[in-house]
Amino acid sequence: MTRITLVQGDITRQTADAIVNAANSSLLGGGGVDGAIHRRGGPAILEDCRKLRAGHYGKGLPTGQAVATTAGDLDARWVIHTVGPVHSRSEDRSEQLASCYRESLRRADELGARTVAFPAVSTGIYGWPLDDGARIAVATVRETDTAVEEVRFVLFDDRAYEAFAAQLP
Ligand code: ADP
């Protein structure tokens, strides 16, 4: 049974086996969580990302997929990069967002990670409404069969924390 916990704070300050990055498909860095992870984690993460781009992910990492690298100087063993969908009013991309959580947990299982810290994927620059993003995140983790013992959602501000808290009993 996976325990779901919530903390408010900066995901780059967390201690966990794996920290999930809300990356973009280039894997070469960006704003928000992505920028913070690369800044604090140091150049080793980008080096791994460049290798992925030179190899299997020449065209970038597709939306909804996840891939692991070193965590560099972060207090974790791995960073799992996942690419959330950009929110759209005309197209329902919920399944892609759910896939980010599912695929990240699948990578965590392959690595043997027992504690995984997630940000609220897609709810920043990618514009996903926070309440719906929280609902999809919590429901997907609950529905996923995984050996991960703790999924910790790390929420940056009060509003995000409250949105996730509303999804838990
Ligand atoms: P996306 O492009 O997937 O929307 P963002 O990084 O812009 O990704 O935002 C995802 C969520 O992470 C937002 O709710 C944002 O407020 C939050 N966030 C930004 N920086 C951090 C951080 N250092 N730690 C945890 N959450 C963060």
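For the structure itself, consult the block above.
These remarks concern the structure in this document. (Residues numbered from 1 in each chain as written. Predicted model: local features only at pLDDT ≥ 70, side-chain atom pairs only at ≥ 80, totals over all residues. Heavy atoms only, no water.)

**So, the packing of helix H3 (residues 94-111) against helix H4 (residues 130-143)**
- Running from N to C, H3 and H4 cross one another at 45°; their axes reach a closest spacing of 9 Å. What the angle tells us is that H3 and H4 run oblique. H3 and H4 meet at a crossing whose hand is right-handed. Contacts from Ser 94, Leu 97, Ala 98, Tyr 101, Arg 102 and Leu 105 of H3 reach H4 at Gly 133, Ile 136, Ala 137, Thr 140 and Val 141.
- Among the residues making up the contact of H3 with H4, the classes are represented as seven nonpolar, three polar and one charged. (Axes fitted to C-alpha atoms, helices over the stretch in contact; angles between N-to-C directions. Helix = DSSP H or I, 4+ residues; strand = E, 2+ residues; numbered from the N terminus. Parallel < 35°, antiparallel > 145°, perpendicular 65-115°, else oblique. Left-handed = near helix turned anticlockwise from the far one by under 90°. Contact = heavy atoms within 4.5 Å. Nonpolar A, V, L, I, M, F, W, Y, C, P; charged D, E, K, R; others polar.)

**Considering the side chain of Ser 122**
- Tracing the backbone shows Ser 122 in the loop between strand S5 (115-118) and H4.
- You can call Ser 122 buried: its relative accessible area is 6%.
- Among the polar contacts listed, one links the side chain of Ser 122 to the backbone oxygen of Pro 85, at a separation of 2.8 Å.
- Those residues in contact with Ser 122, other than ones at most four positions away along the chain, are Gly 84, Pro 85, Leu 97, Gly 127 and Trp 128. (Buried < 20%, exposed > 50% of the residue type's maximum accessible area, 1.4 Å probe, protein only. Polar contact = N/O pair within 3.5 Å; in protein donor to acceptor, adjacent residues only side chain to side chain.)

**Notes on the nonpolar core**
- Core analysis: the largest hydrophobic core is formed by 32 residues, its most contacted members being Tyr 101, Val 116, Phe 118, Val 151, Phe 153, Leu 155 and Phe 164.
- Within the second largest apolar cluster, 19 residues are counted, among which are Cys 49, Leu 52, Val 79 and Val 154. (Core = buried A, V, L, I, M, F, W, Y, C linked by side-chain atoms within 4.5 Å.)

**Re the pairing of strand S6 (residues 150-155)**
- With six of six residues buried, S6 is to be regarded as a mostly interior element.
- Bridging between strand S1 (residues 3-8) and S6 involves six bridges; their strand directions are parallel. Its bridge partner being in S6, Arg 3 is matched across the sheet by Glu 150. (Pairing = 2+ DSSP bridges.)

**Remarks on the pattern of salt bridges**
- Applying the stated criterion to the full structure yields nine salt bridges.
- Between Lys 51 and Asp 48 there is a salt bridge; the shortest N-O distance is 4.0 Å. Here Lys 51 and its partner Asp 48 are both found in helix H2 (residues 43-54), three residues apart, which amounts to about one turn of the helix.
- The closest approach of N and O atoms between Glu 91 and Arg 93, which form a salt bridge, is 2.8 Å.
- Taking the relative accessible area as the measure of exposure, Arg 93 reaches 23% and is therefore partly exposed. (Salt bridge = Lys/Arg side-chain N within 4 Å of Asp/Glu carboxyl O.)

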